[in-house]
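What the coordinates show
The residues making up each chain are set out below.
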Amino acid sequence: NMEQTIEARDYFERAVSGSSPSRQSLASYASFSEQNDSLEMALALLLRYEELYSGSVETMISKARMYDKLGNTAQADQEYQAILLSGYKIPGDLEKFIKNRIQK
């Protein structure tokens, strides 16, 4: 039960403790961390994900969002720009949001 944050955090810690945790474990723990306002932890998990498995459009979007929430707008802008230049197909509303966001 993810409402029991201490137990969930312990579970996730065990799941990502090895040298090559699964993609799903890292992504799920990052999402859980973000939901529980552990933004630095979420960002660290996303960076580890990218280090082990390369990035995805989902991790890029999540990283940009984390940088924004942490007040690091310059890094968020870089990440949003990288999403536009990545070649990944993104929904039109997300593309519009990113372009408006970068132009601020």
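Here we summarise the structure given alongside this text.

1. What to know about the nonpolar core
Residues Tyr-29, Leu-45, Met-66, Tyr-80, Ile-83, Ile-90 and Ile-98 are the most contacted members of the largest nonpolar core, which totals 24 residues. Where this core is concerned, the elements lending two or more residues are α1 (5-15), α2 (23-35), α3 (39-53), α4 (57-69), α5 (73-85) and α6 (92-103). Here the element with the most residues in this core is α3; it accounts for six residues. Not counting the four nearest positions on each side in its chain, Ile-90 is found in contact with Val-57, Ile-83, Leu-84, Glu-95 and Ile-98.

2. Notes on α4
Its 13 residues give α4 an end-to-end C-alpha distance of 18 Å, which sits within 8% of 18 Å, the value for a rise of 1.5 Å per residue. Contact partners of the buried residues in α4: α2, α3 and α5.

3. A look at unusual backbone geometry
The phi dihedral of Asp-37 falls on the positive side, at around 60°, and the residue is not glycine. Mapped onto the elements of the fold, Asp-37 is located in the loop between α2 and α3. Judged by its relative accessible area of 66%, Asp-37 falls in the exposed class. In the Ramachandran plot, Ser-54 falls in the positive-phi region, its phi being about 70° despite a non-glycine side chain. Residue position: Ser-54 is located in the loop between α3 and α4. You can call Ser-54 partly exposed: its relative accessible area is 47%.

Rules and cut-offs
Residues numbered from 1 in each chain as written. Predicted model: local features only at pLDDT ≥ 70, side-chain atom pairs only at ≥ 80, totals over all residues. Heavy atoms only, no water. Core = buried A, V, L, I, M, F, W, Y, C linked by side-chain atoms within 4.5 Å. Buried < 20%, exposed > 50% of the residue type's maximum accessible area, 1.4 Å probe, protein only. Helix = DSSP H or I, 4+ residues; strand = E, 2+ residues; numbered from the N terminus. Contact = heavy atoms within 4.5 Å. Expected span 1.5 Å × (residues − 1).

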